[in-house]
Amino acid sequence: MKNIVNKNCIESLKGSTDPIIIVAAVREAEAIAYACYDNNIKIDSFCDTEKRKTIDKFCGKNVIHTPEIKNYYKNASFIIASQHIEDVADQLNSMGYDKLYSALELLENFDLNAHKYLISNEYMNSRVSVYKKTHEAYFNKEYTYMRSLDVMVTTKCSLKCESCSNLMQYYKSASNMTYEKIINSIENICKNVDDISEFRIIGGEPLMNKDWAKIIDGILDRNPKRKVFIYTNGTIPPKDIDLDLLKKNEDCINFIITDYGEMSRNIEKLVEKIKLYNFTYVRTPPENWIDCSTIKHHKRSKEDLKEVFKQCCVKYVYTLLDGKLYRCPFIANAAHLKAIPDNESNYVDVTNDIETIKIKIKRLINNRSFFPACDFCEGRPYDPSSSVGYSGKGMIEPAKQTKNPIPYKLY
Ligand code: SF4
Ligand code: SF4
């Protein structure tokens, strides 16, 4: 497929008479804005597909809702700050814009530490590094890159959110994945891709698996210096023996805590321990939940399926579950629950058929169309206020609990 984004931008944008817009209002857009100022490139505004991000200014500039941008600019040049370069390029191109640029050249000699950001310089550095790799992968189709890999260590959860986007609410007999299977699968994946920047340890609640720290230690032994993010709901205080094991990789460990209020019954103990061990953490309430967890056969046309996939914001959330690699958590869990027909086009079995894994993973990564499983999904659009490519109800109350597992149909 032909690239429609230009890799180099400095000379074209310096001499441009068009307004220049940065897409989107993401963290690394701030560094890209500074890189523009350093190169005497004048930015007009930002744009973003998420309506809620257009309420406040970003870096002192207006943020315009991307679908409405034609009302503001007939002609414009765009610098893509989003890591989803291909999706952004397709969207803008379909609106009639063709002056699209990556910020790779701007960031090449950029002195990141010469500026201060809304986030720490260290965090900005890692965001920019991931940005560069995702954009390099766009221009070099031989390079197989995963920004992050979600490692599902369990399907058990200490909460039962009825609209869990990872489909935990459907499991009647949830289980832990074994250390051996996870590590063996990750070794096989790593041998067959060029790079994975981050590992995200998820569940369910990952701390329900008593081997959670051993698994992280095993991953970091084989992938030193990678960032590991542990997604937890604050219900389980970690044991010292587990934190001791992770201490040697202190710089790599990050806890992402969702604060469910009273339901996160051990959150204070968890935070206390994290601080004691000097790990970094982020604590945020559950917000911006969208209805996306119903498993239903929609029987969409090929064109509609392409639209659902195009609009989907989690289609690059590579998920490892029980020895299989998927493109998103919905497919992973719908398949694991056996709710949808078993179809090898939906995944790569990374425990089998070692000779062909490389080709299969490449095919999975490069799929730009849709997966058969997408026809059983409501969709999960970048812009939750839009109904394009989405069959769900929109925004919903987060973390509403169900007492019993929710019944589901086996298709
Ligand atoms: S806490 Fe809720 S949203 Fe998170 S994994 Fe458990 S059930 Fe899902
Ligand atoms: S649309 Fe497809 S890729 Fe996106 S969440 Fe649904 S099943 Fe996954």
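Residues numbered from 1 in each chain as written. Chains lettered and ligands numbered in written order. Predicted model: local features only at pLDDT ≥ 70, side-chain atom pairs only at ≥ 80, totals over all residues.

## Some points on helix H9 (residues 267-276)
Point 1. Taken residue by residue, H9 has Ile267, Leu270 and Ile274 as its buried positions. Along the axis of H9, the buried positions cluster into a sector of 60°, meaning they face one direction only. More than 90 degrees from the buried face of H9, the exposed residues found are Glu268, Glu272, Lys275 and Leu276.
Point 2. Buried positions along H9 lie against strand S8 (227-232), strand S9 (253-258) and strand S10 (280-284). (Buried ≥ 20, exposed ≤ 12 C-beta atoms within 10 Å, placed from the backbone. Helix = DSSP H or I, 4+ residues; strand = E, 2+ residues; numbered from the N terminus. Arc of directions from axis to C-beta. Contact = placed C-beta atoms within 7 Å.)

## Structural notes on the domain arrangement of the chain
Point 1. Examined at the domain level, the chain breaks down into domain 1 (10-139) and domain 2 (145-376).
Point 2. The C-alpha-based centres of domain 1 and domain 2 are spaced at 29 Å.
Point 3. Contact residues are listed per partner, giving 8 residues for domain 1 and 6 residues for domain 2.
Point 4. Of all the secondary structure elements, the ones that give two or more residues to the side of domain 1 that touches domain 2 are helix H3 (85-94) and helix H5 (121-139).
Point 5. The element best represented in the side of domain 1 that touches domain 2 is H5, accounting for 5 residues. (Domains from an automatic or database assignment.)

## Brief notes about the packing of helix H7 (residues 212-222) against helix H8 (residues 240-247)
Point 1. Contact pair H7 / H8: the axes reach a minimum separation of 9 Å and the direction vectors enclose 10°. One element, H7, and the other, H8, form an angle in the roughly parallel class. Contacts between H7 and H8 involve Trp212, Ala213, Lys214, Ile216 and Asp217 from the first element and Asp242, Leu245 and Leu246 from the second.
Point 2. Residues of the contact of H7 with H8, tallied by class, amount to 5 nonpolar, no polar and 3 charged. (Axes fitted to C-alpha atoms, helices over the stretch in contact; angles between N-to-C directions. Parallel < 35°, antiparallel > 145°, perpendicular 65-115°, else oblique. Nonpolar A, V, L, I, M, F, W, Y, C, P; charged D, E, K, R; others polar.)

## Quick notes on the nonpolar core
Point 1. Val151, Ile201, Leu325, Ile331, Ala334 and Ala373 are the most contacted members of the largest nonpolar core, which totals 67 residues.
Point 2. Residues within four places of leucine 325 in sequence aside, it is in contact with Ile189, Tyr318, Leu320, Tyr347, Val348, Val350, Ile361 and Leu364.
Point 3. Counting residues in hydrophobic clusters, the runner-up holds 40 residues, among them Cys9, Ala24, Ala31 and Ile64. (Core = buried A, V, L, I, M, F, W, Y, C linked by C-beta atoms within 7 Å.)

## Digging into the pairing of strand S11 (residues 318-321)
Point 1. Because side chains alternate across S11, one face comprises the buried residues Tyr318 and Leu320, and the other comprises Thr319 and Leu321, equally buried.
Point 2. Bridging between strand S6 (residues 145-152) and S11 involves 3 bridges; their strand directions are parallel. What sits directly across from leucine 149, in S11, is tyrosine 318. (Pairing = 2+ DSSP bridges.)

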